[in-house]
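Structural overview for review
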Amino acid sequence: MFPERSQRTLLALCAALTVGAAGCDDGKPETAVVDAAPMPEPEPQPEPEPEPGPQGIVPSNKARVKFKGGERYARDLATALSLPRVDLCRELGNFDCVSEVHRIALGGVEPYNLGIDEPLAVAPVTAAIAMERVALSACGARVDADLADPAAAALVRFSGSEPTAAEREALAADLFDRILRRDATLDEIAAVAGLYASVAEESAAPARDWAVLSCFSVATMLEALFY
């Protein structure tokens, strides 16, 4: 046996050395150290299937959208309305709204003259106004062309000076099909067609103005501006 003082010294040395080193015995029974088994990771749970909405439309599980930007939006709208891209929207009749006047606001770049070689990190307040400017100009151009030459009309086909209820519903359905590439719901058709009554109270040319505003309403929906 070690003297009491020597035992204390030995225990102090053992405490400073790696646990379990040979000769470090304080006279107490050793306790086995067992590494805890890693907790199993929880299995991912499948996302619940969304319930179909009106007319069987199923919403997306991941409602993430990305802004189209000016050029993509302009091309899509020109195709939907059967308009030449260059005639979609021109400020003062000379400057293209998307590629020149509102280029930076709509997510574009201009490294040569303005030194802007990356899109703005945050869309400016004027972006929404610029998009509406493009949509209103394009819709007006399409409607005016159709009313000026009904025989070659691409969108607006009215049998008289005022559209019938059936013609209003047909135009509403056609707008959703052309611009959003999907069938309109019954509620959407009713909302667009029902706009005519409000326009007729204020407008001197209700048929023309309703057609333009109906087109504008669909062309500025979330589905039209984002993808």
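See the structure above.
Calculation notes
Residues numbered from 1 in each chain as written. Predicted model: local features only at pLDDT ≥ 70, side-chain atom pairs only at ≥ 80, totals over all residues. Heavy atoms only, no water. Salt bridge = Lys/Arg side-chain N within 4 Å of Asp/Glu carboxyl O. Helix = DSSP H or I, 4+ residues; strand = E, 2+ residues; numbered from the N terminus. Phe/Tyr/Trp six-rings, centres within 6.5 Å; stacked < 30°, edge-to-face > 60°. Buried < 20%, exposed > 50% of the residue type's maximum accessible area, 1.4 Å probe, protein only. Lys NZ or Arg CZ within 6 Å of the ring centre and 35° of its normal.

What follows deals with the pattern of salt bridges. Tallied over the full model, the rule gives eleven salt bridges. Taking the shortest distance from any N to any O, the salt bridge between Arg208 and Asp144 comes out at 2.9 Å. With Arg208 in helix 7 (residues 206–219) and Asp144 in helix 4 (residues 126–148), the pair connects residues that are 64 residues apart, well separated along the chain. Taken together, the shared-partner salt bridges connect Glu71, Arg85, Arg90 and Asp96 into one network.

Here we come to the packing of aromatic side chains. Scanning all chains against the criterion turns up three aromatic pairs. Both rings, one in Tyr196 and one in Trp210, keep their centres 5.9 Å apart while their planes meet at 75 degrees; by these two values the pair is edge-to-face. Taken as a pair, Tyr196 in helix 6 (residues 186–202) and Trp210 in helix 7 lie far apart in primary sequence, 14 residues in all. The two residues Tyr196 and Trp210 agree in class, both being buried. Through a chain of ring-to-ring contacts, three or more aromatic side chains come together here, namely Phe158, Tyr196 and Trp210. One Lys or Arg, Arg72, reaches over the ring of Tyr227 and ends 4.4 Å from the middle of that ring.

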